[in-house]
Structure formats: structure tokens, C-alpha cells
Amino acid sequence: MNERFAGLTARRLLIAALACGGFGIGVSEFLVMGLLPQIAADLLPELTRSHPDAAFAATGGLASAYALGVVVGIVTTPILVRRLSERNALILCASSMLLWTIATAFAPTLAIAIVLRFFSALTHASYIGVAAMMVAHLLVSGKYGRGSAIVHGGLTGANLIGVPALTALGAAGDWRVILASCAIFFALPLVALLIVRVPPAAVATLEHASGGVHTRRLLALIGAAVLVTAGGFTILTYVAPVIERTRGEDGWLTAGWAMLAFGIGMNLGNFGSGWLADRRPGLAFAGSAVAGAVGAGLLLLPGIGGAGTVLAIVCVGVCLGGGSPPGQVLYMRELLRYPRLASSLPSGAGNLGSFVGALAGGAILAGSGVGWLPIGALALVGVGLLSFAGYRAVRR
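Let us look at the structure shown here. Sequence order as written defines residue numbering, which begins from 1 separately in each chain. pLDDT decides what is reported in this predicted model: residues at 70 or higher carry local features, side-chain atom pairs at 80 or more are listed and counted, and totals for whole chains, interfaces and linings draw on all residues regardless. To get the side-chain values, take all heavy atoms of the structure and skip hydrogens and water.

Counting secondary structure elements, the chain contains 19 helices and zero strands. Relative to a compact globule of 396 residues, whose C-alpha radius of gyration would be 21 Å, the chain shows 20 Å and is just as compact. A total of 396 residues make up the chain; the buried ones form 58% of that total. Note on definitions: a residue-residue contact is assigned when non-hydrogen atoms from the two residues lie within 4.5 Å. For the chain, the proportion of contacts with a sequence separation of at least 24, taken over those separated by at least 6, is 84%. Computed with the Shrake-Rupley method and a 1.4 Å probe, the accessible areas treat only the protein chains shown as cover for residues. Element-wise, carbon and sulfur atoms account for 69% of the exposed surface of the chain, whose accessible area totals about 15200 Å². Averaging the coordinates of the 24 positive side-chain charges in the chain and doing the same for the 13 negative ones gives two points 16 Å apart. Numbering goes from the N terminus for both helices and strands, where a helix is a DSSP run of H or I of at least four residues and a strand is a run of E of at least two. As a reference, a globule follows 2.2 Å times the number of residues to the power 0.38, and the radius of gyration itself is taken over C-alpha atoms. Only protein chains enter the calculation, and the probe is 1.4 Å; a residue is then buried if its accessible area is under 20% of its type maximum, exposed if over 50%, and partly exposed in between. Charge counting follows a simple rule: Lys and Arg are positive, Asp and Glu are negative, and His as well as the terminal groups are ignored. Throughout, a charge is located at the NZ atom of Lys, the CZ atom of Arg, the CG atom of Asp or the CD atom of Glu.

Listed below in C-alpha cells is the structure:
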């Protein structure tokens, strides 16, 4: 039975299953943002009726907790799986995400749901990172930008197909059922990893590489990734109230359509920068960040309506989808001796940015109103670009 799965078919099946896990991560993570009004109405009914912006800000803690869990997981999960093979590490990661996602869907209060979302995220970065490495090895190419693009392609595909569809269903039905259904996307890679023998080629190739860690360069790169991502999530976490303000009389633009636009942007950014990342990672990263600045700037224009809002959300999607493939390549260059840590940093830095963006956006929303969210986003992306320019200068 194992021999039957040992060839090209096994590689394709395993790559598809690993991308499916990325799809599940994308659906479960971004679906919560699209369903903030429904979740707030269920878990904070009185506050939603009296102060809806405050209720949305409090419910945004689900996104913050998830992002914080990813960041904490960068440290804790590699310690737990350091003696495991890539296959067994991925089995553990997929099992954890499956369990805690189902548990979150049954949470009786917002506080419990926030804690469970934190646990759901602990293996997020390690799954994405180790899966990207395994895909690169399965492709026998050693092109980590391409491997990252494939795994993140599942995540960006979720935002193109899964999140808009499930957001629309959740708006009309029960958000708990919709979130619980996301667990099936973690079950598929789990089953595939259990029944498919991993080919011998799918092993790490850089564990014994030479080269030290240049702390200043690494911190500048991480800072740039965190700040740019924070800018995007300042808008995306609160996309429902943002579009209510900017769409004007174009009532056709719902949260579901906005998340579809975001998904299109994420896919354009992911596969575009994935193609460019192995050649010009610096250009790919900077281009993605500029797209985020353009999106935030568009949302500041008066009277942009539904069409202009869609274009702005697409640009934000390009920003958030396009950062990981070049980040994968750049982190691998900086951490040649630590490929597993390097492979988990794009997700970790991105989710730290998500955490910062959700907190910043919540503070802006509660203190100054929704109209200031694009200004905060633009400022964060601008500082991130300055940090990336500093990284490039130090590297030279």
C-alpha cells in the first residue's frame, strides 16, 4: 500500500492536502473578521444594541488573540516538535488546529472564545512553515518562495472562495456551525499525512549550513513585515464598519463581497510575489507594501462608493497576500542554519502584525471612529517601508 503512494501521485496528493490545511487556516482566521457583527450580536447582545462600535472592537479580540497565539507559537511549538520529523510535526499541528477550532465554535462566552482562539493559533506558524519546506522538497526544486506560495495559496484561495461564501452563509445563519465546519480542512491533511509515505526527498537540506545570525538585519526585516501587515489588518479586522462608511448608497457591497475582493487581492499578491520572490524578493516585498498604502489611501477619498471601496480592499489583499513568499526567501537567507525557524517567521511576523493591527484598529475605532482607520493603516505601512529600507541599507 505504501509503495503505491511513493511516486508522483503521492507527491501531488500530499502537496494538495498540505495546501488544504492552509485553506483551513485562511477560512477560520479571516471568517471571524467577516462575521464580527453576528458574533458580537450573539456573545455581546446588550453592548451591540447600545454601542455597536464598542461591541465590534471587543469582538475584534478574537482576531487579536489568534494573532497573539501565532506569535507565542513561534517560540513554544518548535520546542515541542524539535525532535519530530516533518511528517509527525505536521500531524501534531493539524490535530491541534482541528480540536481547538471545533471547541471555539461551542464557546458560551466571548472570553472563553478568545482563549480558545489563542490555543487554535499556537501551531499555525509551524504548520505553514514546515509545510512550505516539505512542499519545496517534494517539488525537488529547493525554491522556498514557490513552496511558500503553494501553501499560502491554500490560505489565499480560502479568501477568494471559502471566506466570502461562508461569510454570506454565516450572515444568514449560525456563525457557530460555519466556524465548526472549517475543521474538515484540517482533517484532510491529517488523514493524508497518516496514509501517505513521505518520499525520501522531502527532508531538510539546510540544517548544517554555515553562517551567523545578523541580529540588526533580522530585526529590521521582522519589524518591516510586522508594521506593513499591521497596516493591512487595521482595515481588514474591521472591514464591516469600514465598508458601511465608504460605500455610500451602494448597498450591494456587503461584507461577503468585500471579503471576495480581499480574496482576489490576496491571490494576486501571493502568486505574483511567489513568482518574483525567488528572483527579486526585495522588490516583491516592497511592491506588496506599496499596494497596501494605495488601498488605505483610496479609503480616505470622499465619495468613492462601492466600486472604489472594492478596489481599495483588493489592494489591501495584495499587500497581505504578497508579503509571505518574499519573506520566506529573505528569512531563509538570514537564518541559513535554522531553516525551520526561518520558515515559520513569515506567518509569525504576519500574525504579530495582525495582532498589532487589530489592537490599533480597535483603539482607533473606539476612540476616534471608523473614519480614522485608513489613516492609521497608512501610517503603519509607511513606517514599515522605512524599516525595510533600513534593512536593505544594513544588508548592503
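Next comes the rest of the write-up.
Attention now goes to the pattern of salt bridges. Any carboxyl oxygen of Asp or Glu that lies within 4 Å of a side-chain nitrogen of Lys or Arg is treated as forming a salt bridge with it. Per the stated rule, a full pass over the model turns up two salt bridges. With a closest N to O distance of 3.2 Å, R176 and D42 form a salt bridge. Taken together, the residues span a long stretch of sequence, with R176 in helix 10 (residues 175-181) and D42 in helix 2 (residues 36-43) at a distance of 134 residues. Residue R217 pairs with E334 through a salt bridge whose shortest N-O separation is 3.1 Å. In this pair, R217 sits in helix 12 (residues 215-236) while E334 sits in helix 17 (residues 324-334), placing the two residues 117 residues apart along the sequence. Across this residue pair, the class does not change: R217 and E334 are buried.

Looking at the element boundaries, L386 is found in helix 19 (residues 373-395). Among the residues examined, L386 registers a relative accessible area of 63% and is labelled exposed. Sequence spacing of L386 and A220 is 166 residues, and the spatial spacing of their C-alpha atoms is 9.5 Å.

This part takes up the packing of aromatic side chains. The geometry of two aromatic rings is summed up by the distance between their centres and the angle between their planes. Between rings of Phe, Tyr and Trp, where Trp is taken as its six-membered ring, a pair exists when centres lie within 6.5 Å; planes separated by under 30 degrees are stacked, by over 60 edge-to-face, and by other angles tilted. As enumerated under the stated definition, the model contains five aromatic pairs in all. Note on F118 and F119: the rings are 5.8 Å apart at their centroids and 70° apart in plane angle, and the pair reads as edge-to-face. We classify F118 as partly exposed; its relative accessible area is 24%. In textbook terms, an aromatic cluster arises when at least three aromatic residues are bridged by ring pairs, as seen for W100, F118 and F119.

Moving on: helix 2. Among the residues of helix 2, L36, I39, A40 and L43 are the ones counted as buried. Projected down its long axis, helix 2 carries its buried residues within an arc of 100°, all on one side. Of all possible arcs, the one meant is that of the directions from the helix axis to the C-beta atoms.

Here we come to helix 4 (residues 52-59). For an α-helix, 3.6 residues make a turn, and residues three or four places apart therefore share a direction. Restricting attention to buried positions, one finds in helix 4 the residues A55, F56, A57 and T59. Its buried side turned inward, helix 4 meets helix 2, helix 3 (45-50), helix 5 (61-81), helix 7 (110-120), helix 13 (239-246) and helix 18 (339-367).

Lines fitted to the C-alpha atoms define the axes, with helices restricted to the stretch that makes contact. Angles between their N-to-C directions range from 0 to 180 degrees. Where helix 14 (residues 255-277) contacts helix 16 (residues 305-322), the axes come no closer than 6 Å and their chain directions differ by 40°. As summarised for this structure, helix 14 and helix 16 are arranged oblique, according to the angle between their axes. The element helix 14 and its partner helix 16 pack so that their crossing is right-handed. Of the residues in helix 16, those in contact with A258, A261, F262, G265, M266, L268, G269, N270 and S273 of helix 14 are V310, I313, V314, V316, G317, V318, L320, G321 and G322. Of the residues belonging to the contact of helix 14 with helix 16, the class tally is eleven nonpolar, seven polar and no charged. Our angle categories are set so that under 35 degrees counts as roughly parallel, over 145 as roughly antiparallel, 65 to 115 as roughly perpendicular, and the remainder as oblique. The hand of a helix crossing depends on one turn: near helix anticlockwise from the far one by less than a right angle means left-handed, and clockwise means right-handed. Ten residues, namely Ala, Val, Leu, Ile, Met, Phe, Trp, Tyr, Cys and Pro, are considered nonpolar, four, namely Asp, Glu, Lys and Arg, are considered charged, and the remaining ones, Gly among them, are considered polar.

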